[in-house]
Amino acid sequence: MKIALVDVDSHNFPNLVLMKLSAWHKNFGDEVTLMSAETALQEENLIFKYDKIYGACVFSGHEEILNELEKRGVHLGGTGTRYREILPYEIEHIMPDYSLYGITDTAYGFLTRGCPRGCSFCLVGQKEGRKSYKVADVSEWWDGQENIKLIDPNLLACSEHLDLLKQLAETGAYVDITQGLDARLLTAKNIELINELKIKNLHFTWDNPRDNFTKSALENFKKLSKVKDRRKMIVYVLVNYWSNLKEDLYRIYWLRENGFEPYVMVYDKINAPKQITKMQRWVNNRRIFNVVKNFEDYDTRIG
Ligand code: SF4
């Protein structure tokens, strides 16, 4: 069969579902083609050229494109669509076909899904459940690659996280925990295991400015952690949701002074005040952030 896989997001992150579908179809000898939504929409008679066309979309905001793709016979799925399909077990747990994106040195995957926190701005609880549960061992999607990118929403909330951290350490691969570790769940024991990882990057979250527990947990982590390079300790700072500028700047300055790299995430960016998006540009552009120490100076300079 001829299979088309349409990556609607087309950003720097490969789509895990498409890589699993690719592996599944290739196992049956099918011919698989990856394309962007743009290419799919330009192809004439797309539906007659392929036996099956799957489209995956993670991020919202692509409604028009998704409607057009659907009209052309694309079978859609993913958190950015209105469809909530779950892959059959045998596809969900297959080794992803990383070659679909030409990736040779990095493995991507989830060890756990779900999160008990239920933060009001986050859909993980609704989509995956209000409990963190193990879904895979590392060997399911890691096959000796030099790097691992972990996409779990809240690894530390899973009762089996110590074993999963051990598995990650045993790979000897450089690990990037991409989605934010819940600092409130750090303990001496799990920090010890995090210290056994070869760390590419650690990401934490400090979403609520009134949550002082995260601040002290980060302070404690800093004392016990082997990671000394601040560039590897990134903390996502949620803004434009329930904080004001003063509270945002407090977290940003505190993190910088205490050896972390703040990374601003703007809620509802399209409608955010200009000053907020300016603050995001200032912080997330490391060259500017390292030179211009105060937001007020940056704000005045760019007008
Ligand atoms: S802790 Fe993170 S994953 Fe869990 S609900 Fe809050 S934002 Fe979502």
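Bear in mind that the values here come from a model prediction, so they are computed numbers and not experimental data.

Draft legend 1. Focus on the nonpolar core. Ranked by size, the top nonpolar core spans 70 residues in total, and within it Leu-202, Phe-204, Met-279 and Trp-282 carry the most contacts. Sort the elements by how many residues they give to this core and helix α10 (residues 245-257) lands first, with five residues. The two domains that each donate at least three residues to this core are domain 1 (2-77) and domain 2 (96-302). In contact with Phe-204, not counting residues within four places along its chain, are Gly-180, Leu-181, Ala-183, Leu-186, Leu-218, Phe-221, Ile-234, Val-235 and Tyr-236. Membership of the second largest hydrophobic core comes to 14 residues, among which are Ile-53, Leu-66, Val-74 and Leu-76.

Draft legend 2. Here's a closer look at unusual backbone geometry. Even without glycine at this site, Asn-45 takes up a positive phi of about 50 degrees. You can see Asn-45 is positioned in the loop between α2 (37-42) and α3 (46-49). Unusually for a residue other than glycine, Asp-268 sits at a positive phi of about 50 degrees. On the secondary structure map, Asp-268 appears in the loop between β12 (261-266) and α11 (274-284). On the basis of relative accessibility, which here comes to 38%, the residue Asp-268 falls in the partly exposed class.

Draft legend 3. Molecular detail of the domain arrangement of the protein. As assigned here, the protein comprises domain 1 (2-77) and domain 2 (96-302). Spacing between the C-alpha centres of domain 1 and domain 2 amounts to 29 Å. The partner domain 2 presents 13 residues to the 14 residues of domain 1 that form the contact. Taking both sides of the interface into account, the surface hidden between domain 1 and domain 2 amounts to around 1,100 Å²; carbon and sulfur atoms contribute 76%.

Draft legend 4. Inspection of the pairing of strand β2 (residues 31-36) at higher detail. Across six bridges, the pairing between strand β1 (residues 2-7) and β2 is parallel. Opposite Ile-3, over in β2, you have Val-32 as the bridge partner. For the handedness criterion, the β-α-β arrangement of β1, helix α1 (residues 16-27) and β2 is classed as right-handed.

Draft legend 5. Representation of the packing of aromatic side chains in the model. Under the counting rule described, the total for this entry stands at 15 aromatic pairs. The interplanar angle of 70 degrees and the centroid separation of 5.1 Å between the aromatic rings of Tyr-241 and Trp-242 together place this pair among those described as edge-to-face. Assessed through its relative accessible area of 31%, Trp-242 is described here as partly exposed. Between Tyr-253 and Trp-282 the ring centres are 6.1 Å apart and the planes differ by 70 degrees, which places this aromatic pair in the edge-to-face class. Linking Tyr-253 in helix α10 with Trp-282 in helix α11, this pair joins segments that are 29 residues apart in sequence.

Thresholds applied
Residues numbered from 1 in each chain as written. Predicted model: local features only at pLDDT ≥ 70, side-chain atom pairs only at ≥ 80, totals over all residues. Heavy atoms only, no water. Core = buried A, V, L, I, M, F, W, Y, C linked by side-chain atoms within 4.5 Å. Buried < 20%, exposed > 50% of the residue type's maximum accessible area, 1.4 Å probe, protein only. Helix = DSSP H or I, 4+ residues; strand = E, 2+ residues; numbered from the N terminus. Domains from an automatic or database assignment. Contact = heavy atoms within 4.5 Å. Buried area = accessible area lost by both parts, 1.4 Å probe. Pairing = 2+ DSSP bridges. Right-handed = clockwise from strand over helix to strand, strands pointing away. Phe/Tyr/Trp six-rings, centres within 6.5 Å; stacked < 30°, edge-to-face > 60°.

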